[in-house]
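The residues making up each chain are set out below.
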Amino acid sequence: MKATTIVRHCLLSATAMSAGLVGQAALASVFITEFMYRGLNDTNHEFIEFTNLGATAVDFTGWRYDDDSANPAAGFDLSGFGLVSSGESVIITEMSANAFRDAWGLSSEVKILGGYGNNLGRADEINLFDGAGNLVDRLTYGDQAIPGTIRTDARGGSPIDFYALGANDISRWRLAQVGDDMGSYMSALGEVGNPGTTPFAPVPLPAAAWLLISGLVGVAGISRRQSVAA
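Criteria and thresholds
- Residues numbered from 1 in each chain as written.
- Predicted model: local features only at pLDDT ≥ 70, side-chain atom pairs only at ≥ 80, totals over all residues.
- Heavy atoms only, no water.
- Salt bridge = Lys/Arg side-chain N within 4 Å of Asp/Glu carboxyl O.
- Buried < 20%, exposed > 50% of the residue type's maximum accessible area, 1.4 Å probe, protein only.
- Phe/Tyr/Trp six-rings, centres within 6.5 Å; stacked < 30°, edge-to-face > 60°.
- Helix = DSSP H or I, 4+ residues; strand = E, 2+ residues; numbered from the N terminus.
- Lys, Arg positive; Asp, Glu negative; His and termini not counted.
- Polar contact = N/O pair within 3.5 Å; in protein donor to acceptor, adjacent residues only side chain to side chain.
- Contact = heavy atoms within 4.5 Å.
- 1 Å grid on protein atoms, 1.4 Å probe; cavity = no way out; pocket = protein on both sides within 12 Å on 5 of 7 lines; lining within 4 Å.
- Points joined across faces, edges and corners; volume = space filled by probe spheres on them.
- Nonpolar A, V, L, I, M, F, W, Y, C, P; charged D, E, K, R; others polar.
- Pairing = 2+ DSSP bridges.
- pLDDT = per-residue confidence, 0-100.

A few words on the pattern of salt bridges. Scanning all chains against the criterion turns up seven salt bridges. Among the salt bridges present, the one from Asp181 reaches Arg174, with a minimum N-O distance of 2.5 Å. Taking the relative accessible area as the measure of exposure, Asp181 reaches 57% and is therefore exposed. Exposure remark for Arg174: the relative accessible area of 26% places this residue in the partly exposed category. Look at the salt bridges and you will find they share partners, linking Arg38, Asp42, Arg151 and Asp153 into a network.

Structure below.
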């Protein structure tokens, strides 16, 4: 195959692959970033945080959360979040939104939907679905079923690093500690976490796609030199 043909094929492949990555990123740019399955003294203070780590805003109209029944047609409607900006974290909780905001000292700018009744258990699953019913993120947990993993009883749990996001591996999550690098603190109710914020920064996919294209063109350049040398 001629070198120019190789380059053309690489560019077409890179374009198609980057377009695919863009499509996937639109679906997978929102992640579960913190959860607590119950509050202090067995209270219904549980919460789940979702964060948009994509480069662009995501419209949550029609999006839903469900637990281990994993039913995209049921669960809790997240449409109330509206447009979630790049880097923004949003929260659902069994408490009323105002009570949760007061307990954690959160500003009015943090989007909170209160009063959901799915009631996470000690061993359960968190499922996030988009408006078309596609699974966006899932986290299966349970310290008894998966020995050595965290139990988020009155303490939030968060991924240990960026690479744990979306992996559905609870062994790569850790409990909040007051003053940790996640910005955790104690709420007015005596619970520890960092709802409404995350240390993870959005990833600009276009740059990643450009790196992909550059890499494939580099491979084409090597192939061209080898072809000339032959």
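Moving on from the model shown.
Now for the packing of aromatic side chains. On inspection of all chains with the given rule, the structure shows 12 aromatic pairs. Measuring from ring centre to ring centre gives 5.4 Å for Phe47 and Phe100, while their planes differ by 65°; the resulting arrangement is edge-to-face. Of this pair, Phe47 sits in strand S2 (residues 47-52) while Phe100 is found in helix H2 (residues 97-104), placing the two residues 53 residues apart along the sequence. Accessibility expressed as a relative area gives 0% for Phe47, which makes it buried. An aromatic cluster is built from Phe47, Phe100, Trp104 and Tyr185, whose rings are joined through pairwise contacts.

Considering the arrangement of structural elements, one finds Glu34 in strand S1 (residues 30-36). No salt bridge forms around the buried Glu34; measuring N to O, its nearest opposite-charge neighbour Arg155 is 9.6 Å away. At 3.0 Å, the side chain of Glu34 and the backbone nitrogen of Asn194 are in polar contact. Excluding residues that lie within four positions of it along the chain, Glu34 makes contacts with Phe47, Ile48, Glu49, Gly156, Gly157, Ser158, Trp173, Gly193, Asn194 and Pro195.

For the rest of this paragraph, the subject is empty space enclosed by the protein. For the coordinates displayed, the defined rule picks out one cavity of 30 Å³ or more. Estimated volume of the largest cavity: approximately 30 Å³. In terms of lining residues, the largest cavity is bounded by Ile32, Asp137, Arg138, Leu139, Ala164, Gly166, Ala167, Asn168, Asp169 and Trp173. Sort the elements by how many residues they give to the lining of the largest cavity and strand S10 (residues 135-142) lands first, with three residues. Classifying every residue of the lining of the largest cavity by side-chain character gives five nonpolar, two polar and three charged.

Let us now look at the sheet that holds strand S4 (residues 64-66). In space, the four strands of this open sheet follow the order S5-S4-S9-S10, with antiparallel pairing throughout. Where the open sheet ends on each side, the last strands, each with one partner, are strand S5 (76-77) and S10. Sheet topology note: the S4/S5 ladder contains two bridges and is antiparallel. By the bridge assignment for S5, Tyr65 is matched with Phe76.

Before going further, it helps to spend a moment on the pairing of strand S9 (residues 123-129). By the criterion of burial, S9 is predominantly enclosed, with six of the seven residues buried. When S4 meets S9, the two strands line up antiparallel, connected through three bridges. Paired with Asp66 across the bridge in S9 is Asn127. When S9 meets S10, the two strands line up antiparallel, connected through seven bridges. Considered in S10, the bridge of Ala123 is made with Gly142. Taken together, S9 and the strand that follows it, S10, pair antiparallel across an intervening segment of five residues, in which Gly133 is found at a positive phi of about 85°.

So, on to the environment of Ile126. Among the structural elements, Ile126 can be located in strand S9. If sequence neighbours within four positions are ignored, Ile126 has contacts with Ile32, Phe35, Ile48, Phe50, Tyr65, Asp66, Leu120, Asp137, Arg138, Leu139 and Tyr141.

Take the confidence of the model for the protein next. Confidence along the protein averages 84 in pLDDT terms, with 77% of residues attaining 70 or more. The low-confidence segment residues 219-225 (pLDDT under 50) makes five contacts with residues lying over four places distant or belonging to another chain.

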